Amino acid sequence: MNYTPLSARYDTMTYNRCGNSGLLLPAMSLGLWHNFGGVDNFENGREIIRAAFDNGITHIDLANNYGPPPGSAEENFGSILKKDFTGNLRDELIISSKAGYNMWPGPYGEWGSRKYLIASLNQSLQRMQLDYVDIFYSHRPDPDTPLEETMQALHDIVKSGKALYVGLSNYRLQEAKQAIKILKDLGTPCLIHQPKYSMYERWVEEGLMDVLEKNGVGCIPFSPLAQGLLTNKYLEGNIPEQSRAAKAHGALQASAITPEVLAQLNSLNNLAQKRGQSLAQMALAWILKDKRVTTVLIGVSSVAQLHDNLATLNNPDFNQEELAAIEQILKTN
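Residues numbered from 1 in each chain as written. Predicted model: local features only at pLDDT ≥ 70, side-chain atom pairs only at ≥ 80, totals over all residues. Heavy atoms only, no water.

Turning our eyes to something else, we now look at the environment of Lys233. Note on placement: Lys233 falls in the loop between β9 (218-219) and α7 (259-274). What makes Lys233 partly exposed here is its relative accessible area of 31%. In this structure, the C-alpha to C-alpha distance between Lys233 and Met282, residues 49 residues apart in sequence, is 15 Å. (Helix = DSSP H or I, 4+ residues; strand = E, 2+ residues; numbered from the N terminus. Buried < 20%, exposed > 50% of the residue type's maximum accessible area, 1.4 Å probe, protein only.)

This is how it looks when you write it as structure tokens:
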């Protein structure tokens, strides 16, 4: 069945400027880390991407190793692009990919060498059937490759026309400061940083957000729901059959759902209900409350879950009492 995007797709989404750049990103971006690989249902992923675009989500986030198997998320997304995003619709999308984690055998298949980054991007473009990506990330810092080499490769990738912007992911404070300075000196400023950030993962508050703001770099947190922990799936202490905690390849392990965590989740859920939100919606709004956050990266397994996440934008604000209550709950062991 042919896909025609909704004409009103831009009417309700909020778009935020990414750092000091000219680029606007939707308040929510769709990540294809899970649920879009070769082990997943292709048509379900296709429906999610269509629904996301129909609701103003213009930014799709991938990486070379997303699947499983690695690379299959890019292949599937490329097929969806070719089938559904014909004509000039590609120009309405921001497509990002990354390289840094293990992708192929041998010494050139991971980390941050020039050899790996450029080869990986070429493979990603081939899988997605694209001439360029909008954002290309160094997915993680390489302890054994000079940072200058990694950043020079990102700079040269932009100069080659195979990426329009570059970003960093999983770079800690000092590494990020150095990388941002190198890129600035090269003349290809860092557009955006993608850190892991949620109510349960707070390290970005220890200086990184200040560095990003000072240098005009945007921020796109991933895993804002702590791999599904900050949802209603586990409130009763059960592990639903299709949840991430139930999957052998899932990033959330069942052992993380302790009695202490369950008590916190239920207290947070009670506060969310008072706000007229689900726990997931409140957790997403909590990330977006910091205006240094450009967009929050969501990962969904169904169109219904996508719409539930989007409803976050109906009530994004907190009062001081609510914020204090959240902090008190999170401090309780």
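Another aspect to go through is the side chain of Arg9. Looking at where Arg9 falls in the secondary structure, it is placed in the segment before β1 (15-17). What makes Arg9 buried here is its relative accessible area of 11%. A polar side-chain atom of Arg9 sits 2.9 Å from a polar atom in the side chain of Glu92. Beyond its immediate chain neighbours, meaning those up to four positions away, Arg9 contacts Tyr15, Phe53, Asp54, Asn55, Gly56, Leu89 and Glu92. (Polar contact = N/O pair within 3.5 Å; in protein donor to acceptor, adjacent residues only side chain to side chain. Contact = heavy atoms within 4.5 Å.)

Glancing now at the packing of α7 against helix α10 (residues 320-331). Running from N to C, α7 and α10 point in directions that differ by 170°, and their axes come no closer than 9 Å. Between α7 and α10, the angle falls in the class roughly antiparallel. Contact with α7, carried on its side by Gln264, Ser267, Leu268 and Leu271, involves Glu322, Ala325, Ile326, Ile329 and Leu330 of α10 and no other residues of that element. A class-by-class count of the residues in the contact of α7 with α10 yields six nonpolar, two polar and one charged. (Axes fitted to C-alpha atoms, helices over the stretch in contact; angles between N-to-C directions. Parallel < 35°, antiparallel > 145°, perpendicular 65-115°, else oblique. Nonpolar A, V, L, I, M, F, W, Y, C, P; charged D, E, K, R; others polar.)

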